[in-house]
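Chain by chain, the residues run as shown.
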4 protein chains.
Amino acid sequence: MHSFRNDYMEGAHPFVLERIVQTNNEQYIGYTEDNLCKKGRSAIRSAIVRSDNKGTLRSAGIIPAALQVEFVAGGTMANLVSIAASLRPHECAIAAPDAHINVHETGAIEACGHKVLVTDDADGMLSVAGIDAVMKEHEYGRSFHMVKPRLLYVSFATETGLVLSLSELTALRSYATSKDLLLFIDGARLAVGLTSKDCDVTLADICAAADIFTIGGTKNGALFGEAIVVRNPDIQRDFRYIMKQKGAVMAKGRLLGAQFDALFSATGAQAGVEEAFEDEPLYLSLGRHSNAMAARLKEVLKRHGFDSFISDSPTNQQFLLLENHVAQDFMHAFDADEISRPDSEHTVVRMTCSWATTQEDIDQVDAMFSQAEANVEA
Amino acid sequence: MHSFRNDYMEGAHPFVLERIVQTNNEQYIGYTEDNLCKKGRSAIRSAIVRSDNKGTLRSAGIIPAALQVEFVAGGTMANLVSIAASLRPHECAIAAPDAHINVHETGAIEACGHKVLVTDDADGMLSVAGIDAVMKEHEYGRSFHMVKPRLLYVSFATETGLVLSLSELTALRSYATSKDLLLFIDGARLAVGLTSKDCDVTLADICAAADIFTIGGTKNGALFGEAIVVRNPDIQRDFRYIMKQKGAVMAKGRLLGAQFDALFSATGAQAGVEEAFEDEPLYLSLGRHSNAMAARLKEVLKRHGFDSFISDSPTNQQFLLLENHVAQDFMHAFDADEISRPDSEHTVVRMTCSWATTQEDIDQVDAMFSQAEANVEA
Amino acid sequence: MHSFRNDYMEGAHPFVLERIVQTNNEQYIGYTEDNLCKKGRSAIRSAIVRSDNKGTLRSAGIIPAALQVEFVAGGTMANLVSIAASLRPHECAIAAPDAHINVHETGAIEACGHKVLVTDDADGMLSVAGIDAVMKEHEYGRSFHMVKPRLLYVSFATETGLVLSLSELTALRSYATSKDLLLFIDGARLAVGLTSKDCDVTLADICAAADIFTIGGTKNGALFGEAIVVRNPDIQRDFRYIMKQKGAVMAKGRLLGAQFDALFSATGAQAGVEEAFEDEPLYLSLGRHSNAMAARLKEVLKRHGFDSFISDSPTNQQFLLLENHVAQDFMHAFDADEISRPDSEHTVVRMTCSWATTQEDIDQVDAMFSQAEANVEA
Amino acid sequence: MHSFRNDYMEGAHPFVLERIVQTNNEQYIGYTEDNLCKKGRSAIRSAIVRSDNKGTLRSAGIIPAALQVEFVAGGTMANLVSIAASLRPHECAIAAPDAHINVHETGAIEACGHKVLVTDDADGMLSVAGIDAVMKEHEYGRSFHMVKPRLLYVSFATETGLVLSLSELTALRSYATSKDLLLFIDGARLAVGLTSKDCDVTLADICAAADIFTIGGTKNGALFGEAIVVRNPDIQRDFRYIMKQKGAVMAKGRLLGAQFDALFSATGAQAGVEEAFEDEPLYLSLGRHSNAMAARLKEVLKRHGFDSFISDSPTNQQFLLLENHVAQDFMHAFDADEISRPDSEHTVVRMTCSWATTQEDIDQVDAMFSQAEANVEA
């Protein structure tokens, strides 16, 4: 039985793994200064440019060659390096309460010396209104007795599977610019965000909006690894020193370069992803596949009476609010993940689809429900 | 006109200043290893023992000689040193949202690497219920993905002038013990807390409850300086190294020793404090005086129609919620302090009495109101 | 032409890579809590026990099951996590000047808040005499004005390819114990150290001596990854929290588990390593191979007149002191690595053999020299 | 008997203390934003300008009003705040091995995350040659694997009482400028440095050379306190946030303002210092006095056969190399300070004169020697 616990339970998509295997015996210099990394960087820059169908980058004067692209092994590492490189000691991040950096990174940002201020936004959907309330409190004091807000952190897609619209994203950017704030977009689940139903944001839009953002590989078909795209030249300065100091520069960076080259220079169609859209990079197609599976799973769940979703997630994570005993059975049956207990009688359960989830896996869920229903009737 | 802006607007109480002047030409060794510091430490330990009218320390097996007493120049320093010495990198503090360490120390705790988790308690009144909700969230996960709660921070009196009762304090201690948490009491305004109306907590109770606590001098008659009392032997270990590393060990520690000796070895009566109670130390009498002045001020304010206090503070700080234009006039007249703007039409204004506030200062406030009222009638 | 620049230029040994490929489509839970990690941990513990031919572990009362084994992506990460978990804020490491943490990790240890004190030992060979001089300086002051030495850092093999003898290692342990110091052994190149000519130290000896040590995979046949073995229970406490906070817990820990299982549960013979000794684990055989290649290379170099080795390295790294212009030619010919310029006329050049270096590669070097000599004669 | 242990054994010079006493009952706002601080800042700026007899500031385009002047309680605090505000995480300080920040601040700089690289300069006399060797090592690598040198730290006078000449200082500045390094001058003993025999450096020269420097009060007549002068606008930015975060902003900043106003707005002659030179500020006269006493003491020591000074210190600290048993007697007789034990048979002993040392104190030393000599002869 397929496990729906999370989207990093398998290794790499075969197309990606193949690149690692193919290049295994080749010799490359270390620390992401090799040719595979060069290709990976180039592929990402190209994909960003190709996605600029609205001309946003051009009108913003963003030159692809000036984007710094770095590779690190994991998501917490990507976040802490990016934020440590962006802030002076007294500066802090603003995030929604659910933000990964606020809850699930064991205080990694604080360990770099920086406070994380939270807004009152739900579901990780950082909003201008939420930020503005925090800013007002600090501007009112406008004084050295309080930390200085300097960086906005928002996940795309969010921790509960939602996705900012282009207008929301643009509003964050405008607000950030007006207040001299940096915008950091955590793209651990960027692929499912960008390919979600009704999403009007492109990779180019992300790049134009963010001073710095990440492109998550671990949860989207890579064996492991995240790319960091640094657009803001001030953050680029000596960025690799900060990486090295935090243990984030891989000796065999080639592994990361090879994977991101595979994910961004090949199309999803070339790699055999059924849902692939036009000539989009494999990276996006894998997200699209995950979302498609999740949509079907959602339909199956609803059809069998499970419709208490805590958010209308258009992405690969679906969250159900269940009575505790139902949740137990549910998690046992599908290896779903327990997320929280909002009150003493209920459990929030997560089912996640990945690039590796198949139509057969969904059908099996459907079948199990039908069988159970038949048993009950009998 | 006397300013009611805060309780650190004057220098030292004359009795305290005199000690510094008297000893000025004497030579003492440095770094709080001198005889004046020895006397100051001894005076504090004695005062703690003398205040143990319920035998709490004895029954808890706390030996005064085993208490480590240190002196530092200021409150933020006292807090950051105490907390840095108490926590390992992944451990964090729990505090009420208003807590000084959470709002007004420019992220000093985070700069030492530690997250500050907040409860939903109002007015700085950290409660077992508030803490327990935070603990449950972290115990539920009980995992290395989240910071590990390790230290409770509570101010006595709180940032908005309130005071924990003995039963509340005891409950915090019991809870802390049951969950292997440390209890840190920020006593920046300890004197006004302990001598407030209806307070049933003694210095000994504070010492018995806290693993580590501070005794604020800056806001209570000292020229400057705070004492830190470390009861927990685990925190005592190498505590002075941490102090030195943070720049907290004064070369002329004698200044701090002399002041705390004056504040704790003399009685308030000896130093001429009118409100002095029995043979309590000068330190407490000064707090008692500040509270008495604030009570009279409150009465005057009420008599003249200002009764929108945001909390029923029994201590030296009084907070009024006023319409903005009234607040402006008010602050202009009495040099009161603007604290916050809860909404667009109101301002919270603080009036603070100190050891230096006199009955005449209060009378003058009264007279100004009466004059203003007469003007209005005329 | 094979590059001799370093020992992390290739991917993984085929036997190791195969494990990753084989398990790629299997689903495992995250964060090194999966069954592959369980197997990897178990394989390492077994190898430690099997290497205990002198009964050192047994007589020291070390129980294999009580060893904590963790996996991280890289060497700097392994070092900084291990040291951050071992020290309180005022405590520091003592290391030789060449120590990797002192020179080539961009201040990673200082970024965790800790000073690195250096001895005057050459070639990374930390000695009791060297440590004792530093200790005396600090004991003399024995005071909170100076950092408190707490952890000894030594690499095995060292940064210049040398290897501590058992008596040197035992002396470090005894000294550490006598002074309440922790001993951390950086095993980034542990395999070549343990299998070097005349080495009388076993894996069990390393484990018995060190409070905590690492087993480097990146430079010895793994795709990437280092194991950390924590023997000291005080350092084990909450170790995974520290890892997570530093971004060191891989979401797909399975990759690390699978590799270390391959390296330690299979023998070198099973994996086809020619130099494999008895039934030693593949991990050691790969080091043995690297050393064998380096010994042959050294012979070739000497035969052709290159014998100005800066150290008598018995391991896979060989360092030559060459005149600048010779060095340039040399590095161009063999893709050797430039290490330093001790004076204006000389360059130190490094040639490194890895698990992937073959006899043919060495023969080719030989042939190139012969050809060059023939050209000169002609 | 007067103690010669150090220069912070007494309280404040009476003229300085008087200012604190006079203003004790006045009310001032907090956190160094009061009028006394304003006066103190202004007095320092004026003194800097008045000392610019060579027109250095004018020709460098340094506008006194643009100098930021801050006050903190102690020397370690001044150093750590200054350096924390100057560096990004991967940047480091270069200092001589004896540097206070390297040896006697319990790793305060490392606790802020920054490595301290040391030159091979003796006696704290940081030299261009010493720095350049360190720089070459790092430029050679010029890479993110090593920390990035960014700030030069030098004490004026040095830890062993020596003083940079103007040409040495200018050379440091030129070198710093050429390499984009910041120059931080630790002026904990600035007064004795500037007024030492043959010193050709003025306060204006210090200000023109340094990006940021401190003016030590604690060891030169203040009750306590150090001023920090920030000339470089990049370091000025948000400097007070960093101060607050480190606990360095005194609530009663007035105490520091009053003292530095006294030290810099009054002349030494007005305050009755016999050695006062022309209309120099009291601050300098106090240093001049300390130096004069030390010169006389040195003469007395030499006359009685003690002439093994380890450095030719022209300032208030004198260091003698003595046989251990002589050192013991010596320290017992004069309460001198034991500094180090360079070998098993010798001790370095320090005798320090301060603003409070009198001619009678020196005479008494002379008399004690004479008496002892008479006893020996008898």
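Since this is a predicted model, take the numbers as computed values, not measurements.

K.L.:
Just give me the short version of the overall build of chain A, but keep the residues and values in it.
P.N.:
Within chain A, the regular secondary structure consists of 16 helices and 10 strands. For chain A, the C-alpha radius of gyration of 21 Å lies close to 21 Å, the compact-globule estimate for 378 residues. Taken along the three principal axes of its C-alpha coordinates, chain A extends 70 × 55 × 40 Å. By residue count, 66% of the 378 residues in chain A fall in the buried class. A separation threshold of at least 6 residues defines the contact pool for chain A, and within that pool the share at least 24 residues apart is 71%.

K.L.:
Explain the nonpolar core to me, using residue names and the numbers behind them.
P.N.:
Counting 143 residues, the largest nonpolar core has B:F213 and D:F213 as the members making the most contacts within it. Membership of the second largest hydrophobic core comes to 141 residues, among which are A:F71, A:L117, A:A227 and C:C92.

K.L.:
Describe the interface of chain C and chain D, with residues and values.
P.N.:
Counting residues at the interface gives 22 residues for chain C, matched by 22 residues for chain D. When chain C packs against chain D, the two sides together hide about 1,700 Å² of surface, and 53% of this comes from carbon and sulfur. The interface formed by chain C and chain D includes two salt bridges. As a salt-bridge pair, C:E110 and D:K115 come within 2.6 Å of each other at their nearest N and O atoms. At the junction of chain C and chain D, the tally comes to 10 residue pairs in polar contact (both at pLDDT 80 or more). Of all the secondary-structure elements, those providing two or more residues to the side of chain C that touches chain D are α5 (100-103), α6 (108-111) and β9 (337-343) of chain C. No other element matches β9(C), which puts four residues into the side of chain C that touches chain D. The class makeup of the residues in the side of chain C that touches chain D is eight nonpolar, nine polar and five charged.

K.L.:
Go over the pattern of salt bridges with me, naming the residues and quoting the values.
P.N.:
In a structure, side chains of opposite charge can pair up when their charged atoms sit close to one another. The full count for this structure, using the stated rule, is 88 salt bridges over all chains. D:R150 is the salt-bridge partner of D:E91, the closest N and O atoms lying 3.9 Å from each other. One end of the pair, D:E91, is in strand β2 (residues 91-95); the other, D:R150, is in strand β4 (residues 148-155), with 59 residues separating them in the sequence. Judged on exposure class, the residue D:E91 and its partner D:R150 are both buried. With a shortest N-O distance of 3.3 Å, D:R150 and D:D180 are connected by a salt bridge. Residue D:R150 is located in strand β4, and its partner D:D180 is located in the loop between α8 (166-178) and β5 (182-186); the two are separated by 30 residues in the primary sequence. Given the relative accessible area of 19%, D:R150 is considered buried. Overall, D:D180 belongs to the exposed group, its relative accessible area being 56%. Salt bridges sharing common partners tie together A:R5, A:D335, A:D337 and A:R350.

K.L.:
Outline the state of the cysteines, listing residues and values.
P.N.:
In the structure shown here, the tally under the stated rule is zero disulfides over all chains. Unpaired in terms of disulfides, C:C92 finds its nearest cysteine sulfur in C:C112, a separation of 14 Å. D:C199 supplies the cysteine sulfur nearest to D:C353, a cysteine that is in no disulfide, at a spacing of 19 Å.

K.L.:
Kindly report on the sheet that holds strand β7 (residues 226-230) of chain C, identifying the contributing residues and their values.
P.N.:
Residue and element names in this part refer to chain C. Spatial ordering of the open sheet is given by β1-β7-β6-β5-β4-β2-β3, a layout of seven strands whose pairing is mixed. Of all strands in the sheet, those with a lone pairing partner are β1 (68-72) and β3 (116-118), marking the two edges. The sheet shows a mean angle of 25° between the axes of neighbouring strands, direction not considered. Relative to strand β5 (residues 182-186), helix α4 (residues 75-86) is tilted by about 175°, and along the sheet it contacts β1, β2 (91-95), β4 (148-155), β5, β6 (212-216) and β7. Sheet strands touched by helix α13 (residues 254-265): β1, β6 and β7. Its angle to β1, the strand with the most contacts, is close to 120°.

K.L.:
Quick one: what's the story with the side chain of D:E91, residue by residue and with numbers?
P.N.:
The class for D:E91 is buried, based on a relative accessible area of 4%. At 2.9 Å, the side chain of D:E91 and the backbone nitrogen of D:R88 are in polar contact. Not counting the four nearest positions on each side in its chain, D:E91 is found in contact with A:R237, A:D238, D:S86, D:H114, D:K148 and D:R150.

K.L.:
So what's going on with the sheet that holds strand β8 (residues 317-323) of chain B? Which residues, and what values?
P.N.:
All names here are of chain B. Taken in spatial order, the three strands of this open sheet run β8-β10-β9, and their pairing is antiparallel. Of all the strands in the sheet, the pair left with one neighbour each is β8 and β9 (337-343). Taken pair by pair, the neighbouring strands of this sheet meet at an average axis angle of 25°, ignoring direction. Strand direction decides the pairing type here: β8 and strand β10 (residues 346-352), joined by seven bridges, are antiparallel. Residue pairing in the sheet places F319 in a bridge with R350 of β10. Most of the contacts of helix α15 (residues 324-334) go to β8, to which it runs at about 140°, and overall it touches β8, β9 and β10.

K.L.:
Account for the relation of the copies chain C and chain A, with residues named and values stated.
P.N.:
At an RMSD of 0.0 Å, chain C and chain A line up after a rotation of 180° and a shift of 0.0 Å along the axis. Classification of the inter-copy transformation places it as that of a two-fold axis. A shared binding surface is used by both copies, with 100% of the interface residues of chain C retained as interface residues in chain A.

K.L.:
Can you explain the interface of chain C and chain A? Please cite residues and give values.
P.N.:
Facing 45 residues of chain C, the contacting portion of chain A comprises 45 residues. When the two sides are added together, the surface that chain C and chain A hide from each other amounts to roughly 3,700 Å², 58% of it contributed by carbon and sulfur. At the junction of chain C and chain A, the tally comes to zero salt bridges. Joining chain C to chain A, the criterion identifies 27 residue pairs in polar contact (both at pLDDT 80 or more). The class makeup of the residues in the side of chain C that touches chain A is 23 nonpolar, 14 polar and eight charged.

K.L.:
Lay out the packing of helix α1 (residues 14-22) of chain B against helix α1 (residues 14-22) of chain D in plain terms, naming residues and giving numbers.
P.N.:
Between α1(B) and α1(D), the least distance of the axes is 11 Å, while the angle of their chain directions is 175°. Here α1(B) lies roughly antiparallel to α1(D), going by the angle between them. Contacts between α1(B) and α1(D) involve B:L17, B:I20 and B:V21 on the former and, on the latter, D:L17, D:I20 and D:V21. Among the residues making up the contact of α1(B) with α1(D), the classes are represented as six nonpolar, no polar and no charged.

K.L.:
Any chance you could break down helix α15 (residues 324-334) of chain A for me, citing the residues and the numbers?
P.N.:
All names here are of chain A. When α15 is considered as a whole, its buried residues turn out to be N324, A327, F330, M331 and F334. The arc that holds every buried residue of α15, seen down its axis, measures 120°, which confines them to one face. Those residues of α15 that are exposed and angled more than 90 degrees off the buried face are H325, D329 and H332. The secondary structure elements touched by the buried residues of α15 are α14 (282-303), β8 (317-323), β9 (337-343), β10 (346-352) and α16 (359-377). Following α15 by one or two positions, D335 has its phi on the positive side, about 45°.

K.L.:
Describe the confidence of the model for chain A, and please don't skip the residues or the numbers.
P.N.:
Of all residues in chain A, 99% attain a pLDDT of 70 or more, and the chain-wide mean is 96. Across the predicted assembly, pTM comes out at 0.97 and ipTM at 0.97.

K.L.:
Talk me through the packing of helix α14 (residues 282-303) of chain D against helix α16 (residues 359-377) of chain D; I want residue IDs and the actual numbers.
P.N.:
All names here are of chain D. For the pair α14 and α16, the least separation of the axes is 10 Å and the interaxial angle reads 5°. The orientation of α14 with respect to α16, classified from their angle, is roughly parallel. Here M293, R296, L297, V300, L301 and R303 of α14 come into contact with α16, specifically with Q359, I362, V365, D366 and F369. Of the residues belonging to the contact of α14 with α16, the class tally is seven nonpolar, one polar and three charged.

K.L.:
Outline the relation of the copies chain C and chain D, supporting the account with residue identities and numerical values.
P.N.:
For the match of chain C to chain D, the screw axis carries a shift of 0.0 Å, the RMSD comes to 0.0 Å, and the turn is 180°. When the interface residues of chain C are mapped onto chain D, 100% of them again lie at the interface, so the same face is used by both copies.

Rules of the game
- Residues numbered from 1 in each chain as written.
- Chains lettered and ligands numbered in written order.
- Predicted model: local features only at pLDDT ≥ 70, side-chain atom pairs only at ≥ 80, totals over all residues.
- Heavy atoms only, no water.
- Helix = DSSP H or I, 4+ residues; strand = E, 2+ residues; numbered from the N terminus.
- Rg over C-alpha atoms; globule rule 2.2 N^0.38 Å.
- Buried < 20%, exposed > 50% of the residue type's maximum accessible area, 1.4 Å probe, protein only.
- Contact = heavy atoms within 4.5 Å.
- Core = buried A, V, L, I, M, F, W, Y, C linked by side-chain atoms within 4.5 Å.
- Buried area = accessible area lost by both parts, 1.4 Å probe.
- Salt bridge = Lys/Arg side-chain N within 4 Å of Asp/Glu carboxyl O.
- Polar contact = N/O pair within 3.5 Å; in protein donor to acceptor, adjacent residues only side chain to side chain.
- Nonpolar A, V, L, I, M, F, W, Y, C, P; charged D, E, K, R; others polar.
- Disulfide = S-S within 2.5 Å.
- Pairing = 2+ DSSP bridges.
- Axes fitted to C-alpha atoms, helices over the stretch in contact; angles between N-to-C directions.
- Least-squares fit on C-alpha atoms with pLDDT ≥ 70 in both.
- Parallel < 35°, antiparallel > 145°, perpendicular 65-115°, else oblique.
- Arc of directions from axis to C-beta.
- pLDDT = per-residue confidence, 0-100.

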